[in-house]
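Single-letter residue listing:
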Amino acid sequence: MTDTPLIAGIELGGTKCVAILARGPDAIEDRIELPTTRPEETLAALERAIDGWRGFAALGIASFGPVSIDRGSGEYGSITSTPKPGWAHTDVARRLGNRYRVPTGFHTDVVGAALGEARWGAAAGLADLAYVTVGTGIGVGLVAGGRAVDGLTHSELGHVRPPRLPDDDWIGGCPFHGACCEGLASGPAIAARTGVKGQDLPADDPAWDGVVHAIAHLLYTLVLTGVPRRIVMGGGVMVGNQFLFPRVRAQMKALLAGYVPLAEIEQADSYVVPAALGANAGPLGAIVLGINALNETSFTAA
Ligand code: ZN
């Protein structure tokens, strides 16, 4: 891996930030972790740590969202409409890019994780995949032809609204949409509904039925729209409750009802799979964003 340049990668998460100086998963030269507090305090602490790093060729930032990825916009590189206190309209990528003067890639944490899993993890070698996180929120990073599926902005599939289970009229936990997928199946939604954190809720608790139903609808929608070749799943709710995997696979197949008659879907054990990069998935995704920014710059220069 010595031919891969040294890259600085930052995962800016809702509760913590992880930054690594690395060439890839087997060549991590430094790693720092700090809590996400107020924007100025958090970004200044990151800068103090990264200021000591030398020789990195590019910087990648994978951030919680929503973020502005429109390079023509004055808000490019910022977190936009987050309900997280103090963080709405916070510039991240322009600030850090100007400070370190290297090609800088910026995208959502889920797109970063998708690119990382496609390069080194559970979807290695695939150019079309989705990464789905079910944790503090629900997010989808969709990659087609090796690139993030971006348009007007990045996709927000975690907020699609599944039909409700009969007799379920809970209002849901999303401040924007109530009972969207994130509002029904994220960690905070499970806790708000049951009074028990997801990791402590027994596998036979009936509350899981609604969670599985919402996640399976998301996967069903993904198969029909983004047509990923594999769906990689991470996030605290999935990682902490492995029994969810067979349940969401089975319900996804039931919802598709044989309409996509491909072996990949029928053999769902290898189609909907756990993420492989573990605790470094976020920052390694940021490393790929940095590598891509470097390659785009070289291409433009040539
Ligand atoms: Zn929502």
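Up top you'll find the structure we're talking about.
The following refers to the structure shown. (Residues numbered from 1 in each chain as written. Predicted model: local features only at pLDDT ≥ 70, side-chain atom pairs only at ≥ 80, totals over all residues. Heavy atoms only, no water.)

1. Some points on the sheet that holds strand S12 (residues 272–274)
Now for step 1: In space, the 5 strands of this open sheet follow the order S10-S9-S8-S11-S12, with mixed pairing throughout. Here the strands that pair on one side only, and so sit at the sheet edges, are strand S10 (147–148) and S12.
Now for step 2: Its contacts with the sheet place helix H3 (residues 109–120) against strand S8 (129–134), strand S9 (138–144), S10 and strand S11 (231–234), and it is angled at close to 50° to S9. (Pairing = 2+ DSSP bridges. Helix = DSSP H or I, 4+ residues; strand = E, 2+ residues; numbered from the N terminus. Contact = heavy atoms within 4.5 Å. Axes fitted to C-alpha atoms, helices over the stretch in contact; angles between N-to-C directions.)

2. Focus on the packing of aromatic side chains
Now for step 1: Counted according to the given criterion, the structure contains 4 aromatic pairs.
Now for step 2: Ring geometry for tyrosine 76 and phenylalanine 106: centres 6.2 Å apart, planes at 80°, overall edge-to-face. Of this pair, tyrosine 76 sits in the loop between strand S4 (58–63) and strand S5 (78–79) while phenylalanine 106 is found in strand S7 (residues 104–108), placing the two residues 30 residues apart along the sequence. No difference in accessibility class separates tyrosine 76 from phenylalanine 106, as the two residues are buried. (Phe/Tyr/Trp six-rings, centres within 6.5 Å; stacked < 30°, edge-to-face > 60°. Buried < 20%, exposed > 50% of the residue type's maximum accessible area, 1.4 Å probe, protein only.)

3. Some remarks on the packing of helix H6 (residues 207–225) against helix H8 (residues 244–256)
Now for step 1: H8 packs onto H6 with a crossing angle of 55° between their chain directions and a minimal axis gap of 8 Å. In terms of axis orientation, H6 runs oblique to H8. As H6 runs across H8, the sense of the crossing is right-handed. For the pair formed by H6 and H8, the contact residues are Trp208, Asp209, Val212, His213, Ile215, Ala216, His217, Leu219, Tyr220, Val223 and Leu224 on the first element and Leu244, Arg247, Val248, Gln251, Met252, Leu255 and Leu256 on the second.
Now for step 2: Taken together, the residues of the contact of H6 with H8 break down into 13 nonpolar, 3 polar and 2 charged. (Parallel < 35°, antiparallel > 145°, perpendicular 65-115°, else oblique. Left-handed = near helix turned anticlockwise from the far one by under 90°. Nonpolar A, V, L, I, M, F, W, Y, C, P; charged D, E, K, R; others polar.)

4. What to know about the packing of helix H1 (residues 39–50) against helix H2 (residues 93–100)
Now for step 1: Direction vectors running N to C along H1 and H2 enclose 25°, while the axes themselves pass 12 Å from each other. Here H2 runs roughly parallel to H1, going by the angle between their axes. Like other packed secondary-structure pairs, H1 and H2 cross with a definite hand, here right-handed. Contacts between H1 and H2 pair Glu40, Leu43, Ala44, Glu47 and Ile50 from the former with Arg95, Leu96, Arg99 and Tyr100 from the latter.

5. Structural notes on the sheet that holds S7
Now for step 1: Taken in spatial order, the 5 strands make up an open sheet running S3-S2-S1-S4-S7, and their pairing is mixed. Edge positions in the sheet fall to strand S3 (27–35) and S7, since each has one partner strand and no second. Each strand axis lies, on average, 15° off the axis of its neighbour in the sheet, ignoring direction.
Now for step 2: Where S4 lies against S7, 5 bridges are found, and the strand directions are parallel. Bridge pairing links glycine 60 to glycine 105 in S7.
Now for step 3: Together, strand S1 (7–12), S4 and S7 form the strand contacts of H2, whose direction differs from that of S4 by roughly 165°.
Now for step 4: In this fold H3 packs onto strand S2 (16–24), S4 and S7, with an angle of close to 110° to the strand it touches most, S7.

6. So, the pattern of salt bridges
Now for step 1: With the rule as written, the count across this model stands at 10 salt bridges.
Now for step 2: Here glutamate 33 makes a salt bridge to arginine 31, at a shortest N to O gap of 2.8 Å.
Now for step 3: For glutamate 33, a relative accessible area of 47% gives the class partly exposed.
Now for step 4: In this structure, a network of salt bridges that share partners links the residues Glu40, Glu47, Asp51, Arg95 and Arg99. (Salt bridge = Lys/Arg side-chain N within 4 Å of Asp/Glu carboxyl O.)

7. Section: the coordination of the zinc ion
Now for step 1: With distances of 2.1 to 2.4 Å, the protein atoms coordinating the zinc ion are His159 (ND1), Cys174 (SG), His177 (ND1) and Cys180 (SG).
Now for step 2: One can describe the site at the zinc ion as tetrahedral: its 4 donor atoms subtend angles covering 102 to 122° at the metal.
Now for step 3: Read N to C, the donor residues that coordinate the zinc ion are spaced as H-x14-C-x2-H-x2-C. With histidine 159 in the loop between S10 and helix H4 (181–185) and histidine 177 in the loop between S10 and H4, the pair connects residues that are 18 residues apart, well separated along the chain.
Now for step 4: According to the relative accessible area criterion, histidine 177 is partly exposed, its value standing at 30%. (Donors = N, O, S within 2.8 Å, 3.2 Å for Na, K, Ca; no water. Tetrahedral: all angles 85-135°; square planar, octahedral: opposite > 155°, others 65-115°.)

8. Observations concerning H8
Now for step 1: For H8, which comprises 13 residues, the first-to-last C-alpha distance of 18 Å matches the rise-based estimate of 18 Å (1.5 Å per residue) to within 8%.
Now for step 2: Along H8, the residues that are buried comprise Leu244, Phe245, Val248, Arg249, Met252 and Leu256. Down the axis of H8, the sector holding all buried residues measures 125°, keeping them to one side.
Now for step 3: The secondary structure elements touched by the buried residues of H8 are H6, S11, helix H7 (236–240), helix H9 (263–266) and S12. (Expected span 1.5 Å × (residues − 1). Arc of directions from axis to C-beta.)

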